[in-house]
Amino acid sequence: MASYLGLSLPAVAAGIAVVHLGLFATAYGYGVGVIGLVALAAAVSLRGRHRSAAARAAAPLSPHHDLPPCPGGSPALARHA
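So, how was this worked out
- Residues numbered from 1 in each chain as written.
- Predicted model: local features only at pLDDT ≥ 70, side-chain atom pairs only at ≥ 80, totals over all residues.
- Heavy atoms only, no water.
- Helix = DSSP H or I, 4+ residues; strand = E, 2+ residues; numbered from the N terminus.
- Buried < 20%, exposed > 50% of the residue type's maximum accessible area, 1.4 Å probe, protein only.
- Areas by Shrake-Rupley, 256 points an atom, 1.4 Å probe, with all protein chains shown as cover.
- Phe/Tyr/Trp six-rings, centres within 6.5 Å; stacked < 30°, edge-to-face > 60°.
- Patch = residues over 30% accessible without salt bridge, like charges linked within 9 Å, V, L, I, M, F, W, Y side chains within 5 Å.
- Salt bridge = Lys/Arg side-chain N within 4 Å of Asp/Glu carboxyl O.
- Contact = heavy atoms within 4.5 Å.
- Expected span 1.5 Å × (residues − 1).
- pLDDT = per-residue confidence, 0-100.

Participant: Which parts of the structure should I look at to understand the overall build of the protein?
Facilitator: Helix and strand content of the protein: three helices and zero strands. When the helices and strands of the protein are read in sequence order from the N terminus, they spell out α-α-α. Scored against the burial criterion, the 81 residues of the protein give a buried share of 5%. For the protein, the computed accessible surface area is about 7000 Å², with 74% contributed by carbon and sulfur atoms.

Participant: Could you clarify how one ought to interpret the packing of aromatic side chains in this entry?
Facilitator: Centre-to-centre distance and the angle between the planes together describe a pair of aromatic rings. One pass over the full model with this rule turns up one aromatic pair. On the numbers, 6.4 Å between centres and 20° between planes, the contact of Phe-24 with Tyr-28 is stacked. In this pair, Phe-24 and Tyr-28 both sit in helix H2 (residues 23–58), four residues apart, roughly one turn of the helix.

Participant: What is the right way to look at a nonpolar patch on the surface in this model?
Facilitator: A surface patch of nonpolar side chains, about 360 Å² in accessible area, is lined by Met-1, Leu-5 and Leu-9. As for its position among the elements, Leu-5 is in helix H1 (residues 2–21). With a relative accessible area of 40%, Leu-5 lands in the partly exposed category.

Participant: It is not clear to me how the side chain of Thr-26 should be interpreted in this structure. Could you clarify?
Facilitator: Relative to the helices and strands, Thr-26 resides in helix H2. Look past the residues within four positions of Thr-26 in its chain and what remains in contact with it is Ala-14, Ala-17, Val-18 and Leu-21.

Participant: Could you clarify how one ought to interpret H1 in this entry?
Facilitator: Since the α-helix advances by 3.6 residues per turn, residues separated by three or four positions end up pointing in the same direction. The end-to-end C-alpha distance of H1 is 27 Å, a good match for the 28 Å that 20 residues give at a rise of 1.5 Å each. Where H1 ends, the next residue or the one after it, Gly-22, has phi of about 100°, a positive value.

Participant: Would you mind showing me how to read the confidence of the model for the protein here?
Facilitator: Regions with low pLDDT carry predicted coordinates that are not meant to be interpreted in detail. Averaged over all residues, the pLDDT of the protein equals 79, while 60% of them reach at least 70. The least confident element of the protein is helix H3 (residues 75–80), whose mean pLDDT is 53; the most confident is H1, at 93.

Below you can see the structure in the form of structure tokens.
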């Protein structure tokens, strides 16, 4: 449902805007809107990466960090199996 609305509502809005504003103004506005959404998504994505990197740096190492890797799974899973 969300995918259909996400694809259809902008197309319907653009169709209505073409009638009232013209093709050039609608295409220009649509382009500015898309650029704005891309910039917002990039900013949120970069901010999330920065926070997750800081959280990883501040987090203590797991108790299994010093154990050698186990072929076929993690050392904790191999020990409890």
